[in-house]
Amino acid sequence: MGVTMTEDLLDQIKKAIAMVRFTIEEFGEDEWTSGISWFYTPARLALHTALALEGYFFDRADGQFAPAIELEARWWELSDDQLPKQAALLEYLADIERRTEQEFTVLADGDLSAPFDIVDYSGETLLGHYAYALRHTMHHQGALTVLATHHGHEGECWR
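### Focus on the overall build of the chain
Now for step 1: Looking only at helices and strands, the chain has four helices and zero strands in total.
Now for step 2: Counting from the amino terminus, the chain carries its helices and strands in the arrangement α-α-α-α.
Now for step 3: Here the chain has a C-alpha radius of gyration of 16 Å; the compact-globule value for 159 residues is 15 Å, and the two agree.
Now for step 4: For the chain, the spread of C-alpha atoms along the principal axes amounts to about 50 × 35 × 25 Å.
Now for step 5: Every one of the 159 residues in the chain was classed for burial, and the buried ones make up 44%.
Now for step 6: If you take every contact in the chain between residues at least 6 apart in sequence, the share linking residues at least 24 apart comes to 73%.
Now for step 7: When the accessible surface of the chain is totalled, it reaches about 8,800 Å², and 52% of it is carbon and sulfur.

### Observations concerning the packing of helix H1 (residues 4-26) against helix H4 (residues 126-150)
Now for step 1: Running from N to C, H1 and H4 point in directions that differ by 20°, and their axes come no closer than 9 Å. On the basis of the axis angle, H1 is roughly parallel to H4. Relative to H4, the crossing made by H1 is left-handed. Residues Leu-9, Gln-12, Ile-13, Ala-16, Met-19, Val-20 and Thr-23 of H1 form the contact with H4, whose own contacting residues are Leu-127, Tyr-130, Leu-134, Thr-137, Met-138, Gln-141, Leu-144, Thr-145 and Ala-148.
Now for step 2: Across the contact of H1 with H4, the residue classes tally to 11 nonpolar, five polar and no charged.

### Here we look at the nonpolar core
Now for step 1: Counting 42 residues, the largest nonpolar core has Ile-24, Phe-57, Leu-89, Phe-104 and Tyr-130 as its most contacted members.
Now for step 2: Contributing elements (two or more residues each) for this core: H1, helix H2 (42-57), helix H3 (86-104) and H4.
Now for step 3: The greatest single-element share of this core, amounting to 10 residues, is contributed by H2.
Now for step 4: The contacts of Phe-104, once residues within four sequence positions are left out, are Thr-6, Leu-9, Leu-10, Ile-13, Phe-57 and Tyr-130.

### Thoughts on the pattern of salt bridges
Now for step 1: Applying the stated criterion to the full structure yields eight salt bridges.
Now for step 2: The salt bridge involving Asp-95 is made with Arg-98; its shortest N-O contact spans 3.8 Å. With a gap of three residues between them, Asp-95 and Arg-98 both fall in helix H3, about one helical turn apart.
Now for step 3: One connected set of salt bridges, linked through shared partners, spans Glu-54, Asp-95, Arg-98 and Arg-99.

### A short note on the packing of aromatic side chains
Now for step 1: If you walk through the whole model with that rule in mind, you get 10 aromatic pairs.
Now for step 2: Their ring planes at 90° and their centres at 5.7 Å tell us that Trp-75 and Trp-76 sit as a pair that is edge-to-face.
Now for step 3: Among the residues examined, Trp-76 registers a relative accessible area of 45% and is labelled partly exposed.
Now for step 4: Ring centres of Phe-104 and Tyr-130 lie 5.2 Å apart, and the angle between their planes is 35°; this geometry places the pair in the tilted category. On the criterion of sequence distance, the pair formed by Phe-104 in helix H3 and Tyr-130 in helix H4 is long-range, its members being 26 residues apart.
Now for step 5: Relative accessible area serves as the criterion here: at 5%, Phe-104 is assigned to the buried category.

### Side note on the side chain of Glu-54
Now for step 1: The residue Glu-54 is located in helix H2 in this model.
Now for step 2: Overall, the relative accessible area of 2% leaves Glu-54 in the buried class.
Now for step 3: Within the structure, Glu-54 has its side chain in polar contact with the side chain of Arg-99 (distance 3.0 Å).

Thresholds applied
- Residues numbered from 1 in each chain as written.
- Predicted model: local features only at pLDDT ≥ 70, side-chain atom pairs only at ≥ 80, totals over all residues.
- Heavy atoms only, no water.
- Helix = DSSP H or I, 4+ residues; strand = E, 2+ residues; numbered from the N terminus.
- Rg over C-alpha atoms; globule rule 2.2 N^0.38 Å.
- Buried < 20%, exposed > 50% of the residue type's maximum accessible area, 1.4 Å probe, protein only.
- Contact = heavy atoms within 4.5 Å.
- Areas by Shrake-Rupley, 256 points an atom, 1.4 Å probe, with all protein chains shown as cover.
- Axes fitted to C-alpha atoms, helices over the stretch in contact; angles between N-to-C directions.
- Parallel < 35°, antiparallel > 145°, perpendicular 65-115°, else oblique.
- Left-handed = near helix turned anticlockwise from the far one by under 90°.
- Nonpolar A, V, L, I, M, F, W, Y, C, P; charged D, E, K, R; others polar.
- Core = buried A, V, L, I, M, F, W, Y, C linked by side-chain atoms within 4.5 Å.
- Salt bridge = Lys/Arg side-chain N within 4 Å of Asp/Glu carboxyl O.
- Phe/Tyr/Trp six-rings, centres within 6.5 Å; stacked < 30°, edge-to-face > 60°.
- Polar contact = N/O pair within 3.5 Å; in protein donor to acceptor, adjacent residues only side chain to side chain.

None of the figures reported here should be taken as evidence of function without further support.
Written out as C-alpha coordinates, the structure reads:
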(Lines give C-alpha, C1' and ligand atoms only; values in the text may rest on other atoms or scores of the structure.)
Protein backbone atom coordinates (compact mmCIF):
# COMPACT_ATOMS: atom_id res chain seq x y z
CA MET A 1 0.00 0.00 0.00
CA GLY A 2 1.11 3.56 -0.67
CA VAL A 3 1.94 6.13 1.96
CA THR A 4 1.92 9.36 -0.05
CA MET A 5 -1.34 10.63 1.47
CA THR A 6 -0.43 9.63 5.02
CA GLU A 7 2.96 11.33 4.64
CA ASP A 8 1.25 14.48 3.33
CA LEU A 9 -1.22 14.41 6.20
CA LEU A 10 1.54 13.96 8.78
CA ASP A 11 3.44 16.86 7.21
CA GLN A 12 0.39 19.12 7.60
CA ILE A 13 -0.10 18.01 11.21
CA LYS A 14 3.55 18.74 12.00
CA LYS A 15 3.26 22.18 10.39
CA ALA A 16 0.14 22.91 12.45
CA ILE A 17 1.96 21.92 15.65
CA ALA A 18 4.92 24.10 14.62
CA MET A 19 2.56 27.07 14.23
CA VAL A 20 1.08 26.50 17.67
CA ARG A 21 4.56 26.13 19.16
CA PHE A 22 5.81 29.33 17.48
CA THR A 23 2.87 31.31 18.81
CA ILE A 24 3.21 29.93 22.34
CA GLU A 25 6.86 31.02 22.32
CA GLU A 26 5.77 34.59 21.52
CA PHE A 27 4.25 35.18 24.95
CA GLY A 28 6.16 36.57 27.89
CA GLU A 29 5.80 34.98 31.30
CA ASP A 30 3.66 37.89 32.49
CA GLU A 31 1.30 37.43 29.50
CA TRP A 32 0.86 33.66 29.81
CA THR A 33 -2.34 33.81 31.89
CA SER A 34 -3.55 37.21 30.70
CA GLY A 35 -6.06 37.49 27.89
CA ILE A 36 -9.48 38.72 26.89
CA SER A 37 -11.70 36.25 28.80
CA TRP A 38 -11.50 33.22 31.06
CA PHE A 39 -10.85 30.83 28.15
CA TYR A 40 -9.02 33.17 25.82
CA THR A 41 -5.71 33.35 27.64
CA PRO A 42 -2.55 31.90 26.10
CA ALA A 43 -2.11 29.27 28.83
CA ARG A 44 -5.66 27.95 28.86
CA LEU A 45 -6.12 28.03 25.08
CA ALA A 46 -2.74 26.40 24.40
CA LEU A 47 -3.43 23.68 26.97
CA HIS A 48 -6.84 22.94 25.47
CA THR A 49 -5.33 22.80 21.98
CA ALA A 50 -2.56 20.41 23.04
CA LEU A 51 -4.92 18.17 24.99
CA ALA A 52 -7.23 17.99 21.98
CA LEU A 53 -4.33 17.13 19.67
CA GLU A 54 -3.30 14.31 21.94
CA GLY A 55 -6.87 13.09 22.17
CA TYR A 56 -7.38 13.14 18.41
CA PHE A 57 -4.22 11.25 17.50
CA PHE A 58 -3.95 8.49 20.07
CA ASP A 59 -5.86 5.31 20.73
CA ARG A 60 -9.00 5.73 22.81
CA ALA A 61 -10.43 2.28 22.21
CA ASP A 62 -11.60 2.03 25.81
CA GLY A 63 -13.38 5.39 25.51
CA GLN A 64 -11.14 7.00 28.12
CA PHE A 65 -8.54 9.70 27.65
CA ALA A 66 -5.70 10.16 30.10
CA PRO A 67 -3.38 12.96 28.98
CA ALA A 68 0.38 12.53 29.05
CA ILE A 69 0.74 15.85 30.87
CA GLU A 70 0.17 15.84 34.60
CA LEU A 71 -2.67 18.13 35.69
CA GLU A 72 -4.14 18.72 39.13
CA ALA A 73 -7.70 18.70 37.76
CA ARG A 74 -9.55 18.73 34.45
CA TRP A 75 -8.25 21.58 32.30
CA TRP A 76 -11.36 23.73 32.70
CA GLU A 77 -11.16 23.42 36.49
CA LEU A 78 -7.57 24.63 36.80
CA SER A 79 -6.78 27.98 38.36
CA ASP A 80 -4.23 30.19 36.65
CA ASP A 81 -1.59 29.00 39.13
CA GLN A 82 -2.29 25.36 38.26
CA LEU A 83 -1.93 25.80 34.49
CA PRO A 84 1.28 24.42 32.96
CA LYS A 85 4.08 26.89 32.37
CA GLN A 86 5.11 27.59 28.78
CA ALA A 87 8.16 25.31 28.92
CA ALA A 88 6.06 22.38 30.16
CA LEU A 89 3.45 22.94 27.46
CA LEU A 90 6.09 23.18 24.74
CA GLU A 91 7.62 19.93 25.98
CA TYR A 92 4.14 18.35 25.93
CA LEU A 93 3.61 19.51 22.32
CA ALA A 94 6.98 18.07 21.32
CA ASP A 95 5.97 14.75 22.88
CA ILE A 96 2.65 14.81 21.01
CA GLU A 97 4.48 15.47 17.74
CA ARG A 98 6.92 12.57 18.34
CA ARG A 99 4.09 10.21 19.23
CA THR A 100 2.03 11.34 16.22
CA GLU A 101 4.97 10.56 13.92
CA GLN A 102 5.18 7.09 15.47
CA GLU A 103 1.43 6.53 14.99
CA PHE A 104 1.69 7.49 11.33
CA THR A 105 4.58 5.11 10.63
CA VAL A 106 2.10 2.22 10.77
CA LEU A 107 -0.53 3.86 8.55
CA ALA A 108 -0.86 3.33 4.82
CA ASP A 109 -3.02 5.43 2.53
CA GLY A 110 -5.74 2.76 2.44
CA ASP A 111 -6.07 2.94 6.24
CA LEU A 112 -7.40 6.50 5.99
CA SER A 113 -10.70 5.24 4.59
CA ALA A 114 -11.30 2.96 7.58
CA PRO A 115 -14.41 3.74 9.60
CA PHE A 116 -13.82 5.90 12.66
CA ASP A 117 -15.96 4.19 15.25
CA ILE A 118 -15.80 6.61 18.19
CA VAL A 119 -18.91 8.78 18.20
CA ASP A 120 -17.48 12.24 18.77
CA TYR A 121 -18.79 13.80 15.53
CA SER A 122 -15.28 14.32 14.21
CA GLY A 123 -15.63 12.10 11.17
CA GLU A 124 -17.00 8.89 9.73
CA THR A 125 -13.55 7.76 8.54
CA LEU A 126 -10.06 8.06 9.97
CA LEU A 127 -9.30 10.70 7.33
CA GLY A 128 -12.38 12.70 8.34
CA HIS A 129 -11.36 12.46 11.98
CA TYR A 130 -7.81 13.68 11.21
CA ALA A 131 -9.15 16.52 9.04
CA TYR A 132 -11.38 17.55 11.94
CA ALA A 133 -8.35 17.49 14.26
CA LEU A 134 -6.47 19.83 11.93
CA ARG A 135 -9.49 22.13 11.60
CA HIS A 136 -9.86 22.29 15.39
CA THR A 137 -6.15 22.99 15.84
CA MET A 138 -6.15 25.78 13.27
CA HIS A 139 -9.26 27.32 14.83
CA HIS A 140 -7.44 27.64 18.14
CA GLN A 141 -4.16 28.62 16.47
CA GLY A 142 -6.00 31.61 15.04
CA ALA A 143 -7.20 32.56 18.52
CA LEU A 144 -3.66 32.23 19.88
CA THR A 145 -2.45 34.52 17.11
CA VAL A 146 -5.10 37.08 18.03
CA LEU A 147 -3.97 36.88 21.66
CA ALA A 148 -0.35 37.36 20.57
CA THR A 149 -1.41 40.46 18.65
CA HIS A 150 -3.43 41.62 21.68
CA HIS A 151 -0.20 41.41 23.71
CA GLY A 152 1.75 43.39 21.10
CA HIS A 153 3.49 40.57 19.25
CA GLU A 154 3.55 40.62 15.48
CA GLY A 155 5.54 37.51 14.62
CA GLU A 156 4.51 35.59 11.53
CA CYS A 157 3.67 31.98 12.27
CA TRP A 158 2.55 30.64 8.87
CA ARG A 159 4.38 27.43 8.01
